[in-house]
Amino acid sequence: MKTQIIPAATPKEVAAAVSVAVEHLRAGEAIALPTETVYGLAADALNADACLKIFEAKERPRFDPLIVHLPGMEWLDRLTSISSRDEVLVRALVEEFWPGPLTIVLPRRAIVPDVVTAGLETVAVRISAHPVFAQIIEAFDGPLAAPSANRFGRISPTTAAHVAAELDGKIPLIVDGGSSSHGLESTIVAVREGAMEILRHGPISAERLAAFGELRAARSKQTPEAPGQLPSHYAPRTPLRLTSDVERIESAERRMGALIFEARDLPGNFCATRVLSLSGDVREAAANLFRYLRELDEANLDLIVAEEIPETGLGRAIMDRLRRAAAR
Ligand code: TXA
Ligand code: MG
């Protein structure tokens, strides 16, 4: 299959991209679209055959459910059935964080195909704030299932070029809407029994969620509910080691690369360095994380040494991804 990449920067390009994308979606294809978190591989969420194409292209195991993106708030009640106990909390969360990088896991309605939820009785939903995604889903006028547009277990794409590196030849279309502004996948929170459980840390921090209600500890790590929780997710091919002291890492590896947070000179044994934020800004660091991991992974290194950061706010989401990248 030939993969077409179309630009969506100017209003004219966006209008053309919307019509081509909607045509593919209506034909039951899976296509890559920009979102504010990472690029997604989108298909008609109410068409099981279309959703199967997502699993095929990503080589994603069928037990891993998909996130469903909604065209608007009115779709929340069409796809989910919220208990009266959770109603107030869910309304408050969506009012505050949608459109945006918060995914909410709720009891599903029968209209959602089994393949989307991997047979679970819940469905994960969000509304994307990306202007191009928003126009496409509005024109499509239905929910879109869209996991990150990478092959299973690999680093999530934050540019159209990353998607092409992962899925070229496997999907018909990539819409290029520029770099994803957050650069990390959405925060996933399950709402049940009047409380929240964070299933994946992301751009909306635990601290911000805690202002809306009780945060309960997530269930056992042994049987993760979200396979994004698997220890070796987001893995580069190059071994990665996390350390609090990059300067004093001891390793026999010849070619080492460093992923650090603040700019400084490193000893001569590092042959590639990426600084996540020149100004020490954690948001900028998050936005650069996957791009730099990918670049270091392509630099023919024996080892990537990554610097630990304090686990508060967004720092927790960044450390979560780095730990998984280190586990293999
Ligand atoms: O930012 C994002 O969330 C991006 C963009 C494209 O929206 N999407 C994304 O999707 O990261 P994906 O498939 O790579 O990660 C979704 C995670 C998976 O780990 C999946 O297991 C979990 O969400 N998930 C989906 N439905 C679930 C459910 N019903 N219960 C628990 N976890 C669920
Ligand atoms: Mg993913």
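See the structure shown above.
Now for a description of the structure that goes with this document. (Residues numbered from 1 in each chain as written. Chains lettered and ligands numbered in written order. Predicted model: local features only at pLDDT ≥ 70, side-chain atom pairs only at ≥ 80, totals over all residues. Heavy atoms only, no water.)

## Looking at the overall build of the protein
At step 1: Counting its secondary structure elements, the protein contains 10 helices and 15 strands.
At step 2: Projecting the C-alpha coordinates of the protein onto the three principal axes gives extents of approximately 60 × 50 × 35 Å.
At step 3: Within the protein, the proportion of its 328 residues that are buried is 56%.
At step 4: By sequence separation, contacts in the protein at least 24 residues apart represent 68% of the contacts at least 6 residues apart.
At step 5: Taken as a whole, the protein presents about 13900 Å² of accessible surface, with 50% of it coming from carbon and sulfur.
At step 6: Here the protein holds 37 positive side-chain charges and 44 negative ones, and the gap between their average locations is 3 Å. (Helix = DSSP H or I, 4+ residues; strand = E, 2+ residues; numbered from the N terminus. Buried < 20%, exposed > 50% of the residue type's maximum accessible area, 1.4 Å probe, protein only. Contact = heavy atoms within 4.5 Å. Areas by Shrake-Rupley, 256 points an atom, 1.4 Å probe, with all protein chains shown as cover. Lys, Arg positive; Asp, Glu negative; His and termini not counted. Charge placed at Lys NZ, Arg CZ, Asp CG, Glu CD.)

## Comments concerning the nonpolar core
At step 1: In terms of nonpolar packing, the biggest core is built from 48 residues, with Leu70, Leu76, Leu93, Trp98, Leu102, Ile104 and Leu209 touching the most fellow members.
At step 2: Counting 27 residues, the second largest nonpolar core, distinct from the first, contains Ile155, Leu240, Ala306 and Ile318. (Core = buried A, V, L, I, M, F, W, Y, C linked by side-chain atoms within 4.5 Å.)

## Remarks on unusual backbone geometry
At step 1: Here the amide bond leading from Trp98 into Pro99 is cis, since omega sits at -10°, within 30 degrees of zero.
At step 2: One can find Pro99 in the loop between α4 (84–97) and β5 (102–107).
At step 3: Of note, the phi angle at Ala118 is positive, near 55°, even though the residue is not glycine.
At step 4: Along the polypeptide, Ala118 turns up in the loop between α5 (114–117) and β6 (122–126).
At step 5: Although it is not a glycine, Asp141 adopts a positive phi angle of roughly 65°.
At step 6: Examined against the element boundaries, Asp141 turns out to sit in the loop between α6 (131–140) and β7 (144–145).
At step 7: A relative accessible area of 52% means that Asp141 is categorised as exposed.

## Regarding helix α1 (residues 11–26)
At step 1: Over its 16 residues, α1 runs 22 Å from end to end, which matches the ideal 22 Å to within 8%, given 1.5 Å per residue.
At step 2: For α1, the set of buried residues is Val14, Ala17, Val18, Ala21, Val22, His24 and Leu25. Here the buried residues of α1 occupy an arc of 155° about the axis, which is enough to place them on one side. Away from its buried face, by an angle of more than 90 degrees, α1 presents the exposed residues Lys12, Glu23 and Arg26.
At step 3: Buried residues belonging to α1 abut β1 (4–7), β2 (31–33), β3 (40–44), α6, β7 and β8 (173–176).
At step 4: Once α1 ends, the next one or two residues include Gly28, with phi positive near 80°. (Expected span 1.5 Å × (residues − 1). Arc of directions from axis to C-beta.)

Keep in mind that these numbers describe shape and distance, not what the molecule does.
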